Amino acid sequence: MNYSLGNMLGRRMALASLDPDAKGYIDAVVAAGGTVSGTQRTALNTFYETGKVEGWLPSLKRLYLPIWGVAAPNAICMTSLTSGTFVGGVTHGSGFVKGNGTTGYFDMGISPNTLGMLTTSGHMAALTKVTAGAGARVMIGASDALTDRMQMYKASGSIFSRYIESADGQISGVASDTGIITSSRTPGNRRLYRRSTSARSLVASNTLPDAVVMPTRNCFAMASSTLIGASFFSDAEFGAYGLGMGMNDAVDEAYSLALKNLWERTTGLTLP
Amino acid sequence: MIGFVVTPEQAQAVNAAIAEAQTSRGMPVFWLAGSNPIYTGEHAGECFIPCDDATLATPLIGHPPQTPQDFPEFAVIIESMGGLDARIEIPAADISQQPEPEPESI
């Protein structure tokens, strides 16, 4: 009896003290058919509160947590509460989504340019649970032309990041595409990181000058927008993906750790 | 890959109808069957709308989740393409032309 009462009071207090942004996202997920447990509510609340305390939450323009096993809640952005669109063959699993590698992808419904991302400031992130197959497989990407590309992808045992430049500005390194891959652009600097369950490492970086313009085509996950539509489809399992403004090393580290904690606590799974 | 081979205009109309089924219920467009240009093979120049069993069973919305087949509009859309029996198999390579050089090769 005492235990039950304590439990009820604890749950009510937890619900009453939810961060308003966490509550907004949870309400949207539930309205779309997602089931959010008490543990998941707490994890989501911690993520938003941590992001505000550490200062990286306002940098996130779009972030999706497609763990709910249903398309509608999986399509909801955690920061804007807008919905993107799943297109083609996409599996909605428990804790992840997976494109079929030939037709399936996620259209965020907005371009990096419209989001206000800058040639000198941008960030991409993807949490990959299971690696993609052979070939060039884009995690997240938008492309207007060969010199206006913002893409993070896996190919030939390496991971790559392009941020608004041609091959000169592409950075890459031999690394698995599993874990949390983040790519950040700040003035005069590009960096590509991988966080696994046990460590975070800098995969590649360079300091080439800033260039050209931001893509005006929509940003996709599990593929890249291109002049003929979606291309470079991925068949990896993704637990999260998003983009926003540039982050320095410390901020990127804090954000990717918070994303790891969020995904692990909401899914009960362990980051590869 | 199994799905419908249609004209580009039909593909556009099909996806517009799927979008309308969502917006008419006050929902955002969170799911589309999509369509892919066919570049090579017997049906080059036409469009492919993927429609395998997994697509038909996609959990879309609600708890328990509704699938495309739970929406009455979906049956009408499928019929407009000749019904499920009109689906055909095409090789994935027929829709896989890349618009740019392989990323790692440039």
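Parameters at a glance
- Residues numbered from 1 in each chain as written.
- Chains lettered and ligands numbered in written order.
- Predicted model: local features only at pLDDT ≥ 70, side-chain atom pairs only at ≥ 80, totals over all residues.
- Helix = DSSP H or I, 4+ residues; strand = E, 2+ residues; numbered from the N terminus.
- Buried ≥ 20, exposed ≤ 12 C-beta atoms within 10 Å, placed from the backbone.
- Contact = placed C-beta atoms within 7 Å.
- pLDDT = per-residue confidence, 0-100.
- Pairing = 2+ DSSP bridges.
- Axes fitted to C-alpha atoms, helices over the stretch in contact; angles between N-to-C directions.
- Expected span 1.5 Å × (residues − 1).
- Arc of directions from axis to C-beta.

1. A word on the overall build of chain A
1) Next: Along its length, chain A carries six helices and 17 strands.
2) Next: Along the first, second and third principal axes, the C-alpha atoms of chain A reach 65 × 35 × 35 Å.
3) Next: Taken over 272 residues, chain A has a buried fraction of 56%.
4) Next: Sequence-distant contacts in chain A: of pairs separated by 6 or more residues, those separated by 24 or more amount to 64%.

2. Focus: the confidence of the model for chain B
All names here are of chain B.
1) Next: For chain B, mean pLDDT is 91; residues scoring 70 or higher make up 92% of the total.
2) Next: Counted against residues more than four places away or in other chains, residues 101-106, with its pLDDT under 50, gives eleven contacts.
3) Next: Overall fold confidence for the complex sits at a pTM of 0.93, while the interface term, ipTM, reaches 0.94.

3. Structural notes on the sheet that holds strand E4 (residues 47-50) of chain B
Residues and elements named next belong to chain B.
1) Next: As summarised here, the arrangement of the four strands in space is E3-E4-E1-E5, forming an open sheet in which the pairing is antiparallel. Whereas interior strands pair on both sides, the edge strands pair on one side only; in this sheet they are strand E3 (36-37) and strand E5 (88-89).
2) Next: Where strand E1 (residues 2-6) lies against E5, two bridges are found, and the strand directions are antiparallel. From the neighbouring strand, Gly 3 faces E5, where its bridge partner is Ile 88.
3) Next: Those strands touched by helix H1 (residues 8-23) are E1 and E4, and its axis lies near 30 degrees from that of E4.

4. Notes on the interface of chain A and chain B
1) Next: Each partner contributes residues to the interface: chain A has 29 residues there, and chain B has 30 residues.
2) Next: Going through the elements one at a time, helix H4 (71-74), strand E2 (85-87), strand E3 (90-93) and strand E8 (149-155) of chain A are the ones with two or more residues in the side of chain A that touches chain B.
3) Next: Ranked by the residues each element gives to the side of chain A that touches chain B, the list is headed by E2 of chain A, at three residues.
4) Next: When E2 of chain A meets strand E2 (residues 31-32) of chain B, the two strands line up parallel, connected through two bridges. Among the inter-strand pairings, Phe 86 of chain A is bridged to a residue of E2 of chain B, identified as Trp 31 of chain B.

5. Quick notes on helix H2 (residues 20-31) of chain A
Residues and elements named next belong to chain A.
1) Next: Across its twelve residues, H2 extends 16 Å between first and last C-alpha, which sits within 8% of the 16 Å expected from 1.5 Å per residue.
2) Next: If you check which residues of H2 are buried, you get Ala 22, Tyr 25 and Val 29. The buried residues of H2 all sit within an arc of 70 degrees when viewed along its axis, so they share a single face.
3) Next: Contacts from the buried residues of H2 go to helix H3 (38-54) and H4.
4) Next: Once H2 ends, the next one or two residues include Gly 33, with phi positive near 105 degrees.

6. What about the environment of Leu 84 of chain B?
Residues and elements named next belong to chain B.
1) Next: Take Leu 84: it is sitting in the loop between helix H3 (72-80) and E5.
2) Next: Residue classification places Leu 84 among the partly exposed residues on the basis of 14 C-beta atoms within 10 Å.
3) Next: Through-space distance from the C-alpha of Leu 84 to that of Ile 2 is 10 Å; in sequence the pair is 82 residues apart.

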